[in-house]
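# An overview of the molecular structure
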Amino acid sequence: MITKLDEGFGGDDPRGARKRINDHLWCDLLVAMADAIKRFEKAMDRIPEYVTTIIMQSREAEDRKPFLEALVRLAVRAAWEPIKKMVEATGAPEIQRACQILAVLICPAPEKHKAVRAGALRPLADEGLLAISKERLAQVFPADWVRRLQEGFGDV
């Protein structure tokens, strides 16, 4: 997938392009995929367009540097094909949960990333999955942040 992105948008500066891509693109992508799976389970063919729209809106709302929509669309299509196959093989709820967990794990700053807090951490906390990992969370995230998670993220 990275090779496809390099070929399509790397140009003379593939390193710079990768750096821009790592500015919350992948965690945005996973959170949006989880949301899309939930919303469009019966309309699987519409998910890539929905995910692209969500990412573009999220970046604009959080005043992050804009991406070319074509770059986001390419990344989403490349990521969606294997996820779609997993959804078909294992079922939507399991894949949705996996996307949420991966978004939390790969996000460079989930405490500052509203989409990850609202679209991944909150649903996982509501499910009770994060209660199992309190000690692990305390080792990784600031104590105040873990306390707010346990209280239900009142400020998401």
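Keep in mind that this is a model prediction, so the values were computed, not measured.

### Quick word on the packing of helix α3 (residues 25–39) against helix α4 (residues 47–61)
For any two helices packed against each other, the geometry is given by the interaxial angle and the distance between the axes. Contact pair α3 / α4: the axes reach a minimum separation of 9 Å and the direction vectors enclose 130 degrees. When the axis of α3 is compared with that of α4, the two are oblique. Regarding α3 and α4, the two cross each other, and that crossing is right-handed. Contacts from Leu25, Asp28, Leu29, Ala32, Met33, Asp35, Ala36, Ile37 and Arg39 of α3 reach α4 at Ile47, Tyr50, Val51, Ile54, Ile55, Ser58 and Arg59.

### Focus on a nonpolar patch on the surface
Judged by side-chain polarity, Ile101, Leu102, Leu105 and Ile106 come together as a nonpolar surface patch covering roughly 360 Å² of accessible area. The exposure class of Ile106 is partly exposed, given its relative accessible area of 40%.

### With respect to the confidence of the model for the chain
For the chain, the average pLDDT comes to 79, and 73% of its residues sit at 70 or higher. Mean pLDDT in the chain bottoms out at helix α1 (residues 2–10), which sits at 60, and peaks at α4, which reaches 91.

### Examining helix α6 (residues 92–106)
Over its 15 residues, α6 extends 21 Å from the first C-alpha to the last, a length consistent with the 21 Å expected when each residue adds 1.5 Å. When α6 is considered as a whole, its buried residues turn out to be Ala92, Ile95, Gln96, Cys99, Gln100, Ala103 and Val104. Against α3, α5 (69–90) and α7 (114–127) lie the buried residues of α6.

### Some details on the nonpolar core
Grouped together as the largest cluster of nonpolar side chains are 36 residues, with contacts concentrated most on Leu29, Met33, Ile37, Val51, Ile55, Ile83 and Cys99. Secondary-structure elements contributing two or more residues to this core are α3, α4, α5, α6 and α7. Per element, the largest residue contribution to this core is 11 residues, and it comes from α3. With residues near it in sequence (within four places) discarded, Met33 still touches Ile47, Val51, Val76, Ala79, Trp80, Ile83 and Cys99.

### Details of the side chain of Gln100
On the secondary structure map, Gln100 appears in helix α6. Within polar-contact distance, the side chain of Gln100 engages the backbone oxygen of Gly119 at 3.4 Å. Setting aside residues up to four positions removed in sequence, Gln100 forms contacts with Ala34, Gly119, Ala120, Pro123 and Leu124.

What counts and what doesn't
Residues numbered from 1 in each chain as written. Predicted model: local features only at pLDDT ≥ 70, side-chain atom pairs only at ≥ 80, totals over all residues. Heavy atoms only, no water. Axes fitted to C-alpha atoms, helices over the stretch in contact; angles between N-to-C directions. Helix = DSSP H or I, 4+ residues; strand = E, 2+ residues; numbered from the N terminus. Parallel < 35°, antiparallel > 145°, perpendicular 65-115°, else oblique. Left-handed = near helix turned anticlockwise from the far one by under 90°. Contact = heavy atoms within 4.5 Å. Patch = residues over 30% accessible without salt bridge, like charges linked within 9 Å, V, L, I, M, F, W, Y side chains within 5 Å. Areas by Shrake-Rupley, 256 points an atom, 1.4 Å probe, with all protein chains shown as cover. Salt bridge = Lys/Arg side-chain N within 4 Å of Asp/Glu carboxyl O. Buried < 20%, exposed > 50% of the residue type's maximum accessible area, 1.4 Å probe, protein only. pLDDT = per-residue confidence, 0-100. Expected span 1.5 Å × (residues − 1). Core = buried A, V, L, I, M, F, W, Y, C linked by side-chain atoms within 4.5 Å. Polar contact = N/O pair within 3.5 Å; in protein donor to acceptor, adjacent residues only side chain to side chain.

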